[in-house]
Each structure stands twice: as C-alpha cells, then as structure tokens.
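Residue strings, one per chain:
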Amino acid sequence: MNQPVVKLRNLSLGTGRPKLAVPITGKTTADILAAVDPIKAADPDVVEWRIDFFEGVTDVEQLQQTGRWLRSALGSIALLTTFRTKGEGGNLELSDADYFKVCENVLAGEFTDALDVERYHDEAAVRGLVKMAHAAKVVVIMSNHDFDKTPGKAEIVKRLTSMVDFGADVAKMAVMPQSADDVLTLLQATNAAHKTLSQPVITMSMGDLGKVSRLAGEVFGSCLSFATVGAASAPGQIALDHLRPELEDLKLN
Ligand SMILES: O=C1C[C@@](O)(C(=O)O)C[C@@H](O)[C@@H]1O
C-alpha cells in the first residue's frame, strides 16, 4: 500500500522524519503573540494554538483577530488550532454546543491551516464540522485523549480507524501509560494503524514513561511529535532543541 501523505501548508505529513509541533498556551493576546519570536527561533514545522487556554476564546472578535495576528506573525509555519475539552485533558469546560460553535468560529476566521476535531462528541456534529473544515480547505486532525490509561491495541486501532471513517485527514490518539507494557501497546497499535489506514496517524504515550514514543514516530508510523519551546501542553513533551537532533539521529536512510 502506498504511504498516505497529507499536505499541510508546505509540509508533507506522513513521509520522512516526523514533523515537529510546538504548542502555544498563552492566556492573553499579548502572551500568545509574545510566544512567537522564541518559537520561530526554534524553527518548528507546526505551531499548535491551544485556544482552550485563551481567555478570549468565546468572544468571536477576539478569537478571530488574535488568530489573524498569530497567522501573520508565523510567516510560513503551519498553524493548527485546537480546543481541547476538559474531559480530554484541556483547560476549559464548554458545553458540546459551545465547543462546536468555537470550532466553527475558528473556521470562519480563515486563519488556520488545520483544526483539531475531537472524535467523541455528537457524531452528526463531528461530521458536520469536518465538512465545513474541508469546504474551507482546512486539514482535519481528529483526536482522542485518554489521560488515565492506555486502552488495548485493538481498541486504539479501532478508534483511529473510526476517525478516518469520520473523514479525518490525520488521526491522532494520546494515551497515558501505567507501565512499559502500555507504551509497547501504543507503539504496536501505531504500527498496525500506520500499515492499514488510508490516512497518516499521530500517536503518543504521555508522561515520563511514554517519552520514548515521542522519539520513535518514524519507526512505528507517527507523523508528528509535539515538543516544547517554553510551556508544555501535555505531560512528557520534550524540548524542541533536544527532540530535533534525536529525530535526526533516528532517521531511516
Ligand atoms: O493532541 C495533542 C497531543 C498532546 O496531548 C501531547 O501529548 O503532546 C499535546 C496537545 O497539545 C495536542 O493537542
């Protein structure tokens, strides 16, 4: 089977070394824009704006204006916009209806290259949002987080497969290990999904035990790794200036 590749701005996700994404978790517009210069100096492939940390997230004007300023400050770096709900490890509690409204406001603001869409919400609403994103030529990175445990291999593959069935361009799963065996489970599921799915996948085992999964994407088939410049957005993320040389060392020639 051909390697599935997805274009994200000027990147090809799914081929070569895993791409590097850095989260921005600022609370105010000033914090968010101040994060850009040090991030640009570290030269990531993708910036993830975690809008669940932004205090203006439910104000359409503030969300879209800050998004446009961020987009223009980033230059050629691809922008992924993510509202991570509280139940999946995010920072702010929103009703389902408000979650979808915020995501629609992101799309209407025309500033993002990719949108994170959580898989486990109302299914018709998820499908509707995917349609809207695709009409706006925005890449859908569909996601699911388990901050407590690592489901079995078959369950992880099933969830990633379901994301693709729901129209995801990229399917993403983050899980929490309780043991080294759990990390192996995530890696095995990644390898299996990577070999069978028609879209690229992103996976990670979080926390200290799972750090190895953030280095090993090229071997097991995860196309993007989240790394830090400043604040982390999830446990186990490694500094970008450490992760980049590790990924280069582990490159498959
Ligand atoms: O989905 C992910 C992955 C992540 O949870 C991680 O573990 O690196 C970090 C989040 O910001 C991002 O949206």
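Residues numbered from 1 in each chain as written. Predicted model: local features only at pLDDT ≥ 70, side-chain atom pairs only at ≥ 80, totals over all residues.

(A) Spotlight on the UniProt feature "binding site: 3-dehydroquinate" (unreviewed entry) in the protein. Per the UniProt record, "binding site: 3-dehydroquinate" (unreviewed entry) is found at Glu-48, Trp-49, Arg-50, Arg-84, Arg-214, Ser-233 and Gln-237. Mapped onto the fold, Trp-49 is located in strand β4 (residues 46-50). In this view, Trp-49 contacts Ile-24, Leu-70, Leu-79, Thr-81 and Thr-82; residues no more than four positions away in its chain are not counted. With 22 C-beta atoms packed within 10 Å, Arg-214 lands in the buried category. Apart from residues lying up to four places away in sequence, Arg-214 is in contact with Met-204, Ser-225, Gly-236, Ile-238 and Leu-243. (UniProt positions renumbered as here; feature names shortened; annotations may be inferred. Helix = DSSP H or I, 4+ residues; strand = E, 2+ residues; numbered from the N terminus. Contact = placed C-beta atoms within 7 Å. Buried ≥ 20, exposed ≤ 12 C-beta atoms within 10 Å, placed from the backbone.)

(B) Seen up close, the site of the ligand. Taken together, 16 residues lie around the ligand, and Pro-23, Ala-174, Phe-226, Ser-233 and Ala-234 are the ones closest in. Elements with a minimum of two residues in the shell around the ligand: β4, β7 (139-146) and β8 (170-175). Split into classes, the residues belonging to the shell around the ligand amount to six nonpolar, five polar and five charged. (Near = placed C-beta within 6 Å. Nonpolar A, V, L, I, M, F, W, Y, C, P; charged D, E, K, R; others polar.)

(C) Up close: unusual backbone geometry. We note that Glu-110 has phi near 55 degrees; this positive angle belongs to a residue other than glycine. Mapped onto the secondary structure, Glu-110 falls in the loop between α4 (96-109) and β6 (114-118). Its 13 C-beta neighbours within 10 Å are what place Glu-110 among the partly exposed residues. In this model, Lys-137 sits at a positive phi of 60 degrees, which is unusual for a non-glycine residue. For Lys-137, the position within the fold is in the loop between α5 (123-135) and β7. We classify Lys-137 as exposed; it has 8 C-beta atoms within 10 Å.

(D) Structural context of the sheet that holds strand β11 (residues 238-239). Spatially, nine strands are ordered β9-β8-β7-β6-β5-β4-β3-β10-β11 in an open sheet, and the strand pairing comes out parallel. Of all strands in the sheet, those with a lone pairing partner are β9 (201-205) and β11, marking the two edges. In this sheet, β4 lies alongside strand β3 (residues 19-24) in parallel orientation, the contact comprising four bridges. Bridging across to β4, Pro-23 finds its partner in Glu-48. Packing of helix α7 (residues 180-196) onto the sheet brings it into contact with β8 and β9, and relative to β9 it is tilted by some 175 degrees. (Pairing = 2+ DSSP bridges. Axes fitted to C-alpha atoms, helices over the stretch in contact; angles between N-to-C directions.)

(E) Highlighting the confidence of the model for the protein. Taken residue by residue, the protein gives an average pLDDT of 97. The fraction at 70 or more is 99%. As a predicted assembly, this complex carries a pTM of 0.98 together with an ipTM value of 0.99. (pLDDT = per-residue confidence, 0-100.)

(F) Spotlight on the UniProt feature "active site" (unreviewed entry) in the protein. UniProt's entry tags His-145 and Lys-172 with the feature "active site" (unreviewed entry), counted in the numbering of this structure. Taking the farthest pair of C-alpha atoms as the criterion, the annotated set spanning 28 residues converges on one region, since that pair is 8.5 Å apart. Mapped onto the elements, His-145 comes out in strand β7. Among the residues examined, His-145 registers 21 C-beta atoms within 10 Å and is labelled buried. Not counting chain neighbours up to four residues away, the residues in contact with His-145 comprise Glu-88, Gly-89 and Ala-174. Among the secondary structure elements, Lys-172 is positioned in strand β8. Accessibility expressed as a C-beta count within 10 Å gives 27 for Lys-172, which makes it buried.

(G) Quick peek at the pairing of β9. Of all five residues in β9, five are buried, a share of seventy percent or more. Where burial is concerned, the two faces of β9 agree: the one with Val-201, Thr-203 and Ser-205 and the one with Ile-202 and Met-204 are both buried. With respect to chirality, the unit in which β8 leads through α7 into the neighbouring parallel β9 is right-handed. (Right-handed = clockwise from strand over helix to strand, strands pointing away.)

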